[in-house]
Amino acid sequence: MDISVIGLNHKTASVDLREKLAFSGQKFQEALMGLKNLPMIDEVALLSTCNRVEIYVYGRNSEKTYETIKNFLSIFHQIDKTEFEPALYFYTNRDAVKHVFRVASSLDSMIIGEPQILGQLKEAFDFALNKKTTGSILNRLMKKAISTAKRVRTETRIAENAVSISFAAVELAKKIFKELPGKSFMLLGAGEMAELAARHLISNGVKDVKVANRTYERGCELAKEFNGKAVRFEDFLKELLYTDIVICSTGATEYILKKEQMQKIMKDRKNKPVFIIDISVPRNIDPDINQIDNVYLYNIDDLQQVVDNNLLERRKEAEKAEAIVEEEVEKFLKWLESLDSIPLIISIRQKAEAIKKEELEKFRHRFQNLDKEHLEAIEHLASSITNKLIHPPTIALKESSEDKELLAMAIKKLYGLNEDEEEE
Amino acid sequence: METIVFELALTFYFAATLIGLLEIFKESKGLSKLLLILTACGFVLHTLNIIMRYYTCGYLPITGMHQATSFFAWCIVLIFLFLQFRYQIGIIGAFILPIVFILMLSSSTFPRGIIPLSPVLQSYWFNIHTVLAFSGNASFAIASGVGVMYLLQEYYLKSKRLGGLFRRLPNLQILDEINYRLITIGFPLLTIAIITGVLWAESAWGSYWRWDPKEVWSLITWTIYALVLHLRAIKGWRGKKAAILSIIGFLSVLFTFFGVNLLFESLHIFG
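**Regarding the overall build of chain A**
At step 1: A count of helices and strands for chain A gives 16 helices and 10 strands.
At step 2: In summary, chain A has a C-alpha radius of gyration of 32 Å against a globular reference of 22 Å for 424 residues, an excess of more than 25%.
At step 3: Principal-axis analysis of the C-alpha atoms gives chain A an extent of 110 × 65 × 30 Å.
At step 4: Buried residues in chain A amount to 49% of all 424 residues.
At step 5: Of the contacts formed within chain A by residues at least 6 apart in sequence, a portion of 71% connects residues at least 24 apart.
At step 6: For chain A, the computed accessible surface area is about 21700 Å², with 53% contributed by carbon and sulfur atoms.

Quick look at the structure:
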């Protein structure tokens, strides 16, 4: 019996291909049930996101399963096998477990450390659990994948730093101001990136929002969207007096804010700190403004540099994460191995022997003046009782092939052989 | 016995300082906690040492450089622990514990005998004046540590080099706020300490003000902090300028404390 993963992701397949093989809506359940009914598949779960399509299988003869699933995909999506075959990856056992843990920990994501994938994976397995297509093995695999991902999240800083320009702006604002909710914010101009950054600031609690746009009507529209108020563009200097965070993105070809103007504003605001983000190209704000005390000016390149550094940091953290994954894979495989019947038979026997020995010892202690002959008879009796008791489970374990894992787990539980196993 | 307790406290502060330095170079959530535990252990022993000395000499054990420096360090740790409790900014320890450790280390190099308090000075003014002066100066010590943190964080943000301690240092606004708060606590304490000192001088020595070096330097320190608060209120000198001034202020405190005692003939020789 093997655990295997068959799939494709953003690294192996183009968007085009990923779209063709994705399972959405009603098709998702249909596909899952179809896969479950394939021969040799005992347990199956299905994940379909915009970046990856993966099928997790527990069953016999993984090689044959791989072929079967390829045919299934081809028929289900009405697409020629040769079209998607090169993009597919196929992992079994150790590699498969490792892959699932890496995916859950967001080490296989397009942006390392992004948090969505864990939720998507959880959802996929929950769905499979509800539809009863998974059993003890894949459920445990998922449980362990989640706990691995959580370990990675708490023990490394993989998801800590902003990896987009708009988030970097929020991150910086949080290092300048104590709390964002009390701060006032002004959007100068408009533009996709500026609006995105504004949205992030607002979702981080900034409430006092002003929009100054050259076209007043456009400003009003944006202000409405942000739950703020529109300001006439000519008045923005006056407004700066009451603004803590500025995002500037206008089409001006020269500086709209000069150092002397800012110096005066700072004097009037009694040096209350201002954070200005100038994402316009060409720049709209005199770069020398950064030299003024309590003014922090970041342009698009500065922010990009922050993001680049953060990405580098994430890659460094990913190395730590890989080590954690490796550790957890090892643990999982050990558990899987423990379900194997031979070691289990041995441990049942050992347990029985231990109990027998302990009880005989107690007996001998209590009846010290018993002669040798009687003692031997008692020992014989004890042996025959223990042997008879462990005979049926031994035979059942040796002979079963269908539900071996289930049986093994049941036996472990019934005989209390789980001591070395941490449960949560 | 007092000596052993003192050395043990010093050892704990030393260990906490090492952890603090480690914290500056390596990130770990456990380190801040460890630093706090070690400091708290050191503080308990340190308090024990002060209580023991109090029973030996019968008055607040701050006569002689050994006791005075040790008591100064004790006040700093007390305020630091309070600050930690209030703000929970782990990294502050890394900037305060070195000050505590250096003070304790220099305290340990001074002769440890108990210098008897001159009968002239034995009055209730003694306790009031000294405790106020010591706790005021201790607030300034921590304010300067926080000022250093502010300057560092400001440097990162201005230069846009966001490596090093950038992530672990708190935001500028809170650092500025703590710095300001500590000075607003320290300043009235120092002011009352000077006033009580003046009153005490009159009753002990017969004149209010004698232009003793300690008095002069205390006045200089007081002026610096008065300036910090004044400029902040009037001109909005906050952030970087306030941080720099608070560091200068603390240097003046240190000079008043050590420099005056070691370089000049003064009536305030801690006995």
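**Describing the packing of helix α8 (residues 165-176) of chain A against helix α13 (residues 300-338) of chain A**
All names here are of chain A.
At step 1: Packing of α8 against α13 brings their axes to within 9 Å, and their N-to-C directions diverge by 90°. When the axes of α8 and α13 are compared, the pair comes out roughly perpendicular. Across from I165, A168, A169, E171 and L172 in α8, the residues of α13 making contact are I300, L303, Q304, V306, V307 and N310.
At step 2: Counted by class, the contact of α8 with α13 contains eight nonpolar, two polar and one charged residues.

**Observations regarding the interface of chain B and chain A**
At step 1: Each partner contributes to the interface: chain B provides 29 residues, whereas chain A provides 28 residues.
At step 2: Roughly 2200 Å² of surface becomes buried between chain B and chain A when both sides are summed, with 43% attributable to carbon and sulfur atoms.
At step 3: A per-residue breakdown of the area chain B buries against chain A is headed by K158, K160 and R167 of chain B, which together make up 31% of the total.
At step 4: There are three salt bridges connecting chain B and chain A.
At step 5: Ionic pairing is found between E177 of chain B and K178 of chain A, a salt bridge with its closest N-O pair at 2.7 Å.
At step 6: Remark: the boundary between chain B and chain A carries 19 residue pairs in polar contact (both at pLDDT 80 or more).
At step 7: Of all the secondary structure elements, the ones that give two or more residues to the side of chain B that touches chain A are α5 (124-159), α6 (172-205), α7 (213-235) and α8 (240-263) of chain B.
At step 8: With six residues, α5 of chain B is the single largest residue contributor to the side of chain B that touches chain A.

**Let's talk about the domain arrangement of chain B**
Residues and elements named next belong to chain B.
At step 1: Domain annotation for chain B reports domain 1 (1-117) and domain 2 (119-271).
At step 2: Domain 1 puts 33 residues into the contact, and the matching count from domain 2 is 36 residues.
At step 3: Carbon and sulfur atoms make up 83% of the surface buried where domain 1 meets domain 2, a total of about 2900 Å² over both sides.
At step 4: For domain 1, the biggest contributors to the area lost against domain 2 are F72, F95 and L117; these three give 24% of the whole.
At step 5: At the boundary of domain 1 and domain 2, one finds zero salt bridges.
At step 6: If you look at where domain 1 meets domain 2, you find three residue pairs in polar contact (both at pLDDT 80 or more).
At step 7: Among the elements of the structure, α1 (2-25), α3 (64-87) and α4 (92-109) are those that each provide at least two residues to the side of domain 1 that touches domain 2.
At step 8: Among the elements that take part in the side of domain 1 that touches domain 2, α3 stands out by supplying 13 residues, more than any other.
At step 9: Residue composition of the side of domain 1 that touches domain 2, grouped by class: 25 nonpolar, four polar and four charged.

**A look at the packing of aromatic side chains**
At step 1: Summed over all chains, the structure comprises 27 aromatic pairs over all chains.
At step 2: Between F28 of chain A and F127 of chain A the ring centres are 5.2 Å apart and the planes differ by 75°, which places this aromatic pair in the edge-to-face class. Of this pair, F28 of chain A sits in helix α2 (residues 26-36) while F127 of chain A sits in helix α6 (residues 116-130), and the two are 99 residues apart along the sequence.
At step 3: Centre to centre, the rings of F257 of chain B and F258 of chain B are 5.1 Å apart; their planes meet at 65°, and the pair counts as edge-to-face. An identical accessibility class is assigned to F257 of chain B and F258 of chain B; each is buried.
At step 4: Here the basic side chain of K158 of chain B rests over the ring of Y296 of chain A, its NZ or CZ set 5.0 Å away from the ring centre.

**Re the packing of helix α14 (residues 341-366) of chain A against helix α15 (residues 372-399) of chain A**
Residue and element names in this part refer to chain A.
At step 1: Following both chains from N to C, one finds α14 and α15 inclined at 160°, their axes separated by 10 Å at the closest point. In terms of orientation, α14 lies roughly antiparallel with respect to α15. Crossing geometry of α14 relative to α15 is assigned as right-handed. In this structure, α14 contributes S341, L344, I345, I348, R349, A352, K356, L360, F363 and R364 to the contact, and α15 contributes L375, I378, E379, A382, S383, T386, N387, I390, T394, L397 and K398.
At step 2: Here the residues of the contact of α14 with α15 are counted per class, giving 11 nonpolar, five polar and five charged.

**Description of the sheet that holds strand β1 (residues 2-9) of chain A**
Residue and element names in this part refer to chain A.
At step 1: The strand order across the open sheet built from four strands is β2-β3-β1-β4, with neighbouring strands paired in antiparallel fashion. At either end of the open sheet lies a strand with only one pairing partner, and these are β2 (41-48) and β4 (89-92). Adjacent strand axes in the sheet meet at a mean angle of 15° when their direction is disregarded.
At step 2: Two strands pair when backbone bridges link them, and β1 and strand β3 (residues 52-59) are joined in this way by eight bridges, in the antiparallel orientation. Bridging from a neighbouring strand, S4 pairs with V57 of β3.

The rules behind each value
Residues numbered from 1 in each chain as written. Chains lettered and ligands numbered in written order. Predicted model: local features only at pLDDT ≥ 70, side-chain atom pairs only at ≥ 80, totals over all residues. Heavy atoms only, no water. Helix = DSSP H or I, 4+ residues; strand = E, 2+ residues; numbered from the N terminus. Rg over C-alpha atoms; globule rule 2.2 N^0.38 Å. Buried < 20%, exposed > 50% of the residue type's maximum accessible area, 1.4 Å probe, protein only. Contact = heavy atoms within 4.5 Å. Areas by Shrake-Rupley, 256 points an atom, 1.4 Å probe, with all protein chains shown as cover. Axes fitted to C-alpha atoms, helices over the stretch in contact; angles between N-to-C directions. Parallel < 35°, antiparallel > 145°, perpendicular 65-115°, else oblique. Nonpolar A, V, L, I, M, F, W, Y, C, P; charged D, E, K, R; others polar. Buried area = accessible area lost by both parts, 1.4 Å probe. Salt bridge = Lys/Arg side-chain N within 4 Å of Asp/Glu carboxyl O. Polar contact = N/O pair within 3.5 Å; in protein donor to acceptor, adjacent residues only side chain to side chain. Domains from an automatic or database assignment. Phe/Tyr/Trp six-rings, centres within 6.5 Å; stacked < 30°, edge-to-face > 60°. Lys NZ or Arg CZ within 6 Å of the ring centre and 35° of its normal. Left-handed = near helix turned anticlockwise from the far one by under 90°. Pairing = 2+ DSSP bridges.

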